[in-house]
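Structural characterization, general
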Amino acid sequence: MEPNKAGHHVSLGRWELPIELLVIANLIALAFETLPDLSPFWRQALWSFEVFCAAVYTVEYGIRLYLARPRLKYVTSFYGIIDLLAIAPFYLMTAFNWQAVRAFRLMRLLRLFKLVRYTQAAHRFKRAFEIARDDLVLFGITALIVLYLAAIGIFHFEHDAQPDKFTSVFDSLWWAVSTLTTVGYGDIYPITPGGRLFTFVVLVLGLGVIAVPSGLMASALSRVRAEEAAHREAAAEKVQERSWSD
């Protein structure tokens, strides 16, 4: 067990795989809890398994916190927050008797993100997101502006013709979201010529809303792969140089 290059992330060595398998088993148990015909025995068994998982996650969090340097950086890091959220719902349900509150039970799904720590692809995606973060934030703000303008526009064209569906700009936002994302549920749609022409423009913009972030992430992932390849080549050259010197 030792910190990695980041300094605030701790590897548990051979214990990483059992924890990963426990997370998967815990998520499967969460699905079984929803079965309507579970006997009291199985409900108690699933709750006992939940208690066991919470205990393991608590010990894991304590070990990582103890070994992390600096500790505060681990607590505020992505993995540190996920590790904390993995155990917080259990203690909240136990302390305040909120086992029946569905929101807190669903919060246990956040444990799924604990698996991100163990996959190289997830690390690569995280690195790609860091590279493209500024561009994605800029595009996200632009997309929100386009979304708002689409809601204003469709409200202008369709409010008089369909006052029961396009009641306000807030109702029109639902249409704007489903149209810009090219989902098109069909529950709200334009019937006026101006509204249909405006919808065509919004659909064209919607293709860009999906394509641009995908292109940014694809480019960033390619850059990450190139960096990893260069790093591997440099490491191989160092090993070869050492073998020659010996």
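Residues numbered from 1 in each chain as written. Predicted model: local features only at pLDDT ≥ 70, side-chain atom pairs only at ≥ 80, totals over all residues. Heavy atoms only, no water.

1. Focus on the pattern of salt bridges
This structure, assessed with the given rule, holds 5 salt bridges. Measuring nitrogen to oxygen at the nearest pair gives 3.1 Å for the salt bridge that ties Glu16 to Arg64. One end of the pair, Glu16, is in helix 1 (residues 16-32); the other, Arg64, is in helix 2 (residues 40-67), and 48 residues separate them in sequence. An identical accessibility class is assigned to Glu16 and Arg64; each is buried. By relative accessible area, which is 0% here, Arg64 ends up buried. (Salt bridge = Lys/Arg side-chain N within 4 Å of Asp/Glu carboxyl O. Helix = DSSP H or I, 4+ residues; strand = E, 2+ residues; numbered from the N terminus. Buried < 20%, exposed > 50% of the residue type's maximum accessible area, 1.4 Å probe, protein only.)

2. Observations regarding the confidence of the model for the protein
For the protein, the mean per-residue pLDDT works out to 81, and 89% of the residues sit at or above 70. Ranking the elements of the protein by mean pLDDT puts strand 1 (residues 2-3) last, at 48, and helix 2 first, at 91. pLDDT under 50 marks residues 2-7. Its contacts with residues more than four places away, or in other chains, come to 11 contacts. (pLDDT = per-residue confidence, 0-100. Contact = heavy atoms within 4.5 Å.)

3. Digging into the environment of Phe49
In this structure, Phe49 sits in helix 2. If we skip the residues at most four places from it in the chain, Phe49 touches Leu22, Ala25, Asn26 and Ala29.

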